[in-house]
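Below, each chain spelled out in residue letters.
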Protein chains: 2
Amino acid sequence: MSEVRVLLVDDHPVVRAGLRAMLTGFEGIAIAAEASDGRAALHELARLTALGEVPDVVLMDLQMGDGMDGVTATAEIRKLQPAPPVLILTTYDTDADILAAVEAGASGYMLKDAPPEQLRQAVLQAAAGGTALAPRAAALLMDRISNPGTSLTPREVQLLELLATGLSNRAIARQVFISEATVKTHLVHIYGKLGVDNRTAAIAAATQRRIIRPPGARG
Amino acid sequence: MSEVRVLLVDDHPVVRAGLRAMLTGFEGIAIAAEASDGRAALHELARLTALGEVPDVVLMDLQMGDGMDGVTATAEIRKLQPAPPVLILTTYDTDADILAAVEAGASGYMLKDAPPEQLRQAVLQAAAGGTALAPRAAALLMDRISNPGTSLTPREVQLLELLATGLSNRAIARQVFISEATVKTHLVHIYGKLGVDNRTAAIAAATQRRIIRPPGARG
DNA sequence: CAGCGGATCAACCGAAAGGTTGACTGCGGC
DNA sequence: GCCGCAGTCAACCTTTCGGTTGATCCGCTG
């Protein structure tokens, strides 16, 4: 009999307990192991692989306080041989989170506030080699392929990061060895792409979409 | 046999399942009921009270997507007769969150990444009429009573939060029904206390010191 | 090669923000 | 009752920022 075996990866004991209780309550799903961050997940995966017990799906949180984050871990897992499918289960549904996860090779993207039945479906689908996307994630990906020209250039992201640290235009200019005029030009472009009209709104928008890390983010 | 009876309030089914599994696994703790937001919690509380089964403690998340938020719900619960103690269990430990919760009458402030044993202790302590604070929450409150002059006033924190959402001075003024001049006065004070000289730097500093949550962070 | 987009810079102007001074109210403590 | 502090507002000035126009340079691509 073929049970779907899941590797849980989440840094919150409470969430792990919830998933464990919820998933083991379903027919045909079992927990193979648990890990509290990406690095631990890779260790578990190596251990299980050595035993010939590769899990059928990895259920992974994206935000994990101290250890390796979910996107990095997903990319690492996808490099393995064999590489179990990774289903992202997270709290946020921001553009960059979703895109980063998909680019890293995730088989699905679900939100933690999803009803249990949806979660069950997603786990089974991912384990079977399919995909499982939350509505907003699906919508975003559709939108991306229809008009891809909206994203920020690497240079713009770099200036955005400096902006978020609280530097003035002049200070940013000095930092990257360009003129203040150029900084202003870049900012105008950034504001246009983000749909805002000042620097604080740009920081808020860029943080929300996970284009940049929150100012003073730890880790 | 006096079991401690808990009312769970969290908008995530997964988290509720986790807390349910974790707490019922402990001796002397039982789940009285569950609710997915503040309003539902008040309903449950009314229902239980009518049955003469008032819970011994309310375990409440602060960030809840759609319904009444945790701070408002806590304040409402504390107005009841009888008013069960409210233990906050949340993901973030920013000054603004902690102070708001304590001012609303919470008996404790714990983080979701706390180990199960700590959680158990906190629930029991709160139920017994005591308090339970995460280390950072305790440190913050100690700091508040020792040197209250250095820290930001509630009003200043409020403006800081609006600032971080990307609003202009005029927009902030309209939001809180004061003049633009007053906003500027507050900002000057804020800059002085944070040791910065512009709004983006204020956001960065306030985020770093956990006075406010990162711009765009959502529950 | 012509065209496009990214990156660079200048000059300019109006709008917003930063900073200062001063003043008034209301509340709590000594 | 007086003092200090938080909160409110006005007037004024300087600096910074936002937005526009226009330009050069470079690398890639059809």
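All of these numbers come straight from a predicted model, not from anything done at the bench. (Residues numbered from 1 in each chain as written. Chains lettered and ligands numbered in written order. Predicted model: local features only at pLDDT ≥ 70, side-chain atom pairs only at ≥ 80, totals over all residues. Heavy atoms only, no water.)

### Remarks on the protein's contact with DNA strand C
Formally: A cutoff of 4 Å decides nearness: a residue is near a molecule or strand if any of its heavy atoms lies inside that distance of it. Throughout this description, a polar contact denotes any pair of N or O atoms lying within 3.5 Å of each other; where both atoms belong to protein, one of them has to be capable of donating a hydrogen while the other can accept it, and for residues adjacent in sequence the pair is counted only when both atoms sit in side chains. Helical segments are the DSSP runs of H or I of at least four residues, strand segments are the runs of E of at least two, and each set is numbered from the N terminus. Under the convention adopted here, Pro, Cys and the residues Ala, Val, Leu, Ile, Met, Phe, Trp and Tyr are nonpolar, Asp, Glu, Lys and Arg are charged, and Gly plus all remaining residues are polar.
The immediate surroundings of DNA strand C are formed by 18 residues, with Thr-153, Arg-155, Ser-179 and His-186 of chain A together with Lys-184 of chain B found nearest. Within 4 Å of the protein, the contacting atoms of DNA strand C are drawn from sugar and phosphate to the extent of 69%. Residue Ser-179 of chain A places a main-chain N or O atom 2.5 Å away from a phosphate oxygen belonging to DNA strand C. Within the side chain of His-186 of chain A, a nitrogen or oxygen atom sits 2.7 Å from a phosphate oxygen of DNA strand C. At five residues, the largest contribution of residues to the surface near DNA strand C is made by helix 9 (residues 180-194) of chain A. The residue makeup of the surface near DNA strand C, split by class, is four nonpolar, eight polar and six charged.

### Brief notes about the interface of chain A and chain B
What counts is decided by this rule: In what follows, a contact means two residues having at least one pair of non-hydrogen atoms within 4.5 Å. Accessible area that two parts lose when put together, with a 1.4 Å probe and added across both, is what the buried area reports. We count a salt bridge whenever a side-chain nitrogen from Lys or Arg sits within 4 Å of a carboxyl oxygen from Asp or Glu.
Counting residues at the interface gives 36 residues for chain A, matched by 36 residues for chain B. Summed over both sides, the interface between chain A and chain B buries roughly 2,700 Å², with carbon and sulfur atoms accounting for 68% of that surface. Along the contact surface separating chain A from chain B lie zero salt bridges. Inspection of the region where chain A meets chain B yields two residue pairs in polar contact (both at pLDDT 80 or more).

### With respect to helix 5 (residues 116-127) of chain B
Residues and elements named next belong to chain B. Rules: Helix span, expected: 1.5 Å multiplied by one less than the number of residues in the helix. Three labels apply to residues, based on accessible area from a 1.4 Å probe with only protein chains included: buried if under 20% of the type maximum, exposed if over 50%, partly exposed otherwise in between. Here the arc refers to the directions that run from the helix axis out to each C-beta atom.
Here helix 5 spans 17 Å end to end across twelve residues, near enough to the 16 Å set by a 1.5 Å rise per residue. Those residues of helix 5 lying buried are Leu-119, Ala-122, Val-123 and Ala-126. Projected onto a plane normal to the axis of helix 5, the buried residues spread over an arc of 100 degrees and lie on a single side.

### Here's the deal with the packing of aromatic side chains
Using the following cut-off: Stacked, edge-to-face and tilted labels apply to pairs of Phe, Tyr and Trp rings (six-membered ring for Trp) whose centres lie within 6.5 Å, assigned for plane angles under 30 degrees, over 60, and everything in between, in that order. Here, over-ring charges are defined by two tests on the NZ atom of lysine or the CZ atom of arginine: distance to the ring centre within 6 Å, and angle to the ring normal within 35 degrees.
Within this structure, the stated rule accounts for zero aromatic pairs over all chains. Lying over the aromatic face of Phe-26 of chain A, Arg-120 of chain A brings its terminal NZ or CZ to 5.9 Å of the ring centre.

### Things to note about the packing of helix 8 (residues 169-176) of chain A against helix 9 of chain A
All names here are of chain A. Using the following cut-off: Simply put, an axis is a line fit to the C-alpha atoms, just over the touching stretch for a helix, and the angle between two N-to-C directions goes from 0 to 180 degrees. Orientation is classified from the angle alone, with under 35 degrees giving roughly parallel, over 145 giving roughly antiparallel, 65 to 115 giving roughly perpendicular, and any other angle giving oblique.
Taken N-terminus to C-terminus, the directions of helix 8 and helix 9 make an angle of 110 degrees; their axes are 8 Å apart at the nearest point. With respect to helix 9, the axis of helix 8 lies roughly perpendicular. Here Asn-169, Arg-170, Ile-172 and Ala-173 of helix 8 come into contact with helix 9, specifically with Glu-180, Val-183, Lys-184 and Leu-187. Grouping the constituent residues of the contact of helix 8 with helix 9 by class yields four nonpolar, one polar and three charged.

### Here's the deal with helix 3 (residues 70-78) of chain B
Residues and elements named next belong to chain B. Buried residues of helix 3: Gly-70, Ala-73, Thr-74 and Ile-77, and no others. The arc enclosing the buried residues of helix 3, seen along the axis, measures out at 100 degrees, which places them on a common side. The inward-facing, buried residues of helix 3 abut helix 2 (38-50), strand 3 (57-60) and strand 4 (86-90). Structurally, the start of helix 3 carries an N-cap: the backbone nitrogen of Val-71 is 3.1 Å from a side-chain oxygen of Asp-69.

### Quick notes on the sheet that holds strand 1 (residues 4-9) of chain A
Residue and element names in this part refer to chain A. Worth spelling out the cut-off: Being paired, for any two strands, means DSSP has found at least two bridges between them.
Judged by pairing direction, the sheet is parallel, and its six strands sit side by side in the order 2-1-3-4-5-6 without closing on themselves. Since the sheet does not close on itself, it has two edges, and those belong to strand 2 (29-35) and strand 6 (132-133), each with one partner. Alignment of strand 4 (residues 86-90) against strand 5 (residues 108-111), held across four bridges, turns out to be parallel. Bridge assignment links Thr-90 to a residue of strand 5, and that residue is Leu-111. Helix-sheet contacts for helix 1 (residues 13-24) involve strand 1, strand 2, strand 3 (57-60) and strand 4, and the interaxial angle to strand 2 is about 165 degrees.

### Some details on the protein's contact with DNA strand D
In the vicinity of DNA strand D lie 17 residues, with Lys-184 of chain A together with Thr-153, Arg-155, Ser-179 and His-186 of chain B positioned nearest. Interatomic distance of 2.5 Å between a side-chain N/O atom of Thr-153 of chain B and a phosphate oxygen of DNA strand D. Mapped by element, the contributors of at least two residues to the surface near DNA strand D are helix 8 and helix 9 of chain A together with helix 9 (180-194) of chain B. Here the element with the most residues in the surface near DNA strand D is helix 9 of chain B; it accounts for four residues. When its residues are assigned to classes, the surface near DNA strand D shows four nonpolar, eight polar and five charged.

### Things to note about the pairing of strand 5 of chain A
Residue and element names in this part refer to chain A. How we decide: A crossover counts as right-handed when, viewed with the strands pointing away from the observer, the path leading from the first strand over the helix to the second turns clockwise.
Where burial is concerned, the two faces of strand 5 agree: the one with Gly-108 and Met-110 and the one with Tyr-109 and Leu-111 are both buried. One ladder, built from two bridges, connects strand 5 with strand 6; its direction is parallel. Looking across to strand 6, one finds that Tyr-109 is bridged to Leu-133. Traced from strand 5 through helix 5 (residues 116-127) to strand 6, the parallel crossover comes out left-handed.

### Remarks on the side chain of Asn-169 of chain A
All names here are of chain A. Structurally, Asn-169 can be placed in helix 8. Given a relative accessible area of 17%, Asn-169 falls into the buried group. Discounting chain neighbours no more than four positions away, the residues touching Asn-169 are Glu-180, Val-183, Lys-184, Leu-187 and Arg-199.

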